[in-house]
Amino acid sequence: MEGTVLRSINNIYSVRTDDGKVYSCRIKGKQLSLSKGEYNPIVVGDIVEITPSGGTEDKPEALVISRHERSSAFSRWNDKRDMNQTICANMDLLVCVCSVESPPFRPRFIDRVIACCRGVQVMIVLNKCDILLTEDELERYSLYKKLGYQTVSVSAETGEKIDAFVKLLEGHVAAFVGQSGVGKSSLINRILGTSQRVGELNAKYNRGNHTTNHAIMLDGPGFTLIDTPGFREISVPHDDPHLVAQAFPEFAKAAPKCEYDGCLHISEPGCEVRRLLEKGRINADRYESYVRMIASMEERLPVWGRNSSRASSPSGSQKGSYNRNRSDLCSDEQL
Ligand SMILES: Nc1nc2c(ncn2[C@@H]2O[C@H](COP(=O)(O)OP(=O)(O)OP(=O)(O)O)[C@@H](O)[C@H]2O)c(=O)[nH]1
Ligand SMILES: [Mg+2]
Ligand SMILES: [Zn+2]
């Protein structure tokens with residue numbers, strides 16, 4: 001039987017099958033074939049094959065036999081475990097929630113969230129619009145719209161623009177992702193009338209307290225939402241750094257004019273991105289945000305370098321290739 005993972009807590013998965021029945025599942029055996037070397041083999045949104053294993057009519061139990069390939073995923077680098085960690089999968093909309101204050105607006109965090117997505121459209125939602133952004137913040141926020149992202153400013157507290165936001169969710173499976181305390185659960189409660197736990201803010205540090213501790217999929221009228229636990233910091237998954245470059249649409253647009261194929265826009269000669277940066281046509285803070293992401297991947301080089309395609313150019317190219325060295329990069333002490 002095929003089912004969708006609605007929730008996962010301590011290796012117990014709630015899986016809903018087509019007939020609406022929700023099974024409490026464990027993984028059959030020790031490992032799933034698709035998930036070797038992953039921190040968590042099954043996440044909310046995964047489509048899995050299960051086989052009933054008992055329980056009662058009210059609380060049926062099953063074993064997960066296999067997981068289907070994911071059409072999309074949101075993953076981050078888990079520093080403690082030294083491996084990538086997927087948070088949710090198979091959504092067709094990633095709602096990156098940020099807030100005006102508590103925690104403060106951090107556009108470089110948004111840039112990282114975008115770089116942590118695969119195969120999914122990103123929407124940027126600014127919550128707590130009952131508080132005002134500074135002019136500089138507003139300019140940086142407005143840039144996302146100019147770059148082609150859908151943006152909407154809302155307030156879970158006052159209800160402002162919630163109706164417009166809900167319209168944008170229609171027909172989607174949308175995962176809410178963002179820093180702890182930005183109001184992901186508050187927004188979901190406001191939209192669905194649910195009572196997901198909402199956290200007090202940490203007054204000393206002006207940020208969230210990791211209130212939501214596991215992802216959960218919730219049904220709405222004509223859409224499905226996934227609430228996820230917030231992070232304080234986020235690192236891009238260990239992968240090909242060219243994927244990070246692709247998460248910056250303005251760089252991707254300029255890249256065909258770079259002299260070297262596979263240019264990472266750091267110190268390669270004839271780089272169009274850096275030319276535009278010097279002319280002020282690429283935002284300097286976005287560029288800095290990008291350089292720090294690449295640097296943080298570079299610090300993990302012994303791990304991701306093994307499988308990385310970073311030093312090789314895509315095939316069929318007429319352009320030359322360029323190998324950088326580590327000193328071209330700044331370090332990644334903070335975002
Ligand atoms: N002023 C204001 N405060 C809000 C708004 N939305 C949420 N909050 C407050 O922000 C705090 C954190 O809200 P949560 O919904 O728990 O945030 P979260 O993003 O789910 O946090 P984690 O579960 O830790 O990731 C709560 O104290 C909310 O009352 C808003 O629109 N305006
Ligand atoms: Mg929450
Ligand atoms: Zn370049």
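About the cut-offs
Throughout, a residue's number is its position along its own chain's written sequence, starting from 1. Throughout, the order in which chains and ligands are written sets their labels, letters from A for the former and numbers from 1 for the latter. Side-chain atom pairs in this predicted model are given and counted only at pLDDT of 80 or more, local residue features only at pLDDT of at least 70, and totals for whole chains, interfaces and linings cover all residues. Note on conventions: DSSP H or I runs of at least 4 residues are helices, E runs of at least 2 residues are strands, and numbering of each starts at the N terminus. As a rule, residues whose C-beta atom has 12 or fewer other C-beta atoms within 10 Å are exposed, those with 20 or more are buried, and those in between are partly exposed; C-beta atoms are placed from the backbone. Any residue whose C-beta atom, as placed from the backbone, lies within 6 Å of a molecule or strand is termed near it. Three residue categories are used. Nonpolar comprises Ala, Val, Leu, Ile, Met, Phe, Trp, Tyr, Cys and Pro, charged comprises Asp, Glu, Lys and Arg, and polar comprises the others, including Gly. A pair of strands is treated as paired once DSSP finds two or more bridges between them. Whether two residues are in contact is decided by their C-beta atoms, placed from the backbone, lying within 7 Å.

Here the focus is the environment of asparagine 283. Within the secondary structure, asparagine 283 sits in the loop between helix H7 (272–278) and helix H8 (284–299). Looking at asparagine 283, the number of C-beta atoms within 10 Å reads 19, which means it is partly exposed. Asparagine 283 sits 33 residues away from glutamate 250 along the chain, and the two C-alpha atoms are 9.4 Å apart.

Now for the site of ligand 1. Around ligand 1 sit 24 residues, and of these Gly183, Ser185, Ser186, Thr212 and Gly230 come closest. Among the residues forming the shell around ligand 1, the class breakdown is six nonpolar, 13 polar and five charged.

Glancing now at the sheet that holds strand E9 (residues 117–118). The strand order E7-E6-E9 describes an open sheet built from three strands, whose pairing is antiparallel. Because the sheet does not close on itself, it has two edges, and the strands there are strand E7 (83–89) and E9. By the bridge criterion, two bridges tie strand E6 (residues 73–78) to E9 in an arrangement that is antiparallel. Of the residues in E9, the one forming a bridge with alanine 73 is arginine 118.

Moving on, we come to the pairing of E7. Counting buried residues along E7, five of its seven residues qualify, which places the element largely inside the surrounding structure. Two elements, E6 and E7, share six bridges in a ladder whose sense is antiparallel. When the bridges of E7 are listed, serine 75 appears paired with threonine 86. Joining the antiparallel neighbours E6 and E7 is a turn of four residues, in which aspartate 82 adopts a positive phi near 60°.

In terms of burial, helix H1 (residues 107–115) is a largely internal element, seven of the nine residues being buried. Among the residues making up H1, those that are buried are Phe109, Ile110, Asp111, Arg112, Val113, Ile114 and Ala115. Check the buried side of H1 and you find it contacts strand E8 (93–99), E9, strand E10 (121–127), strand E12 (173–177), helix H5 (241–246) and H8.

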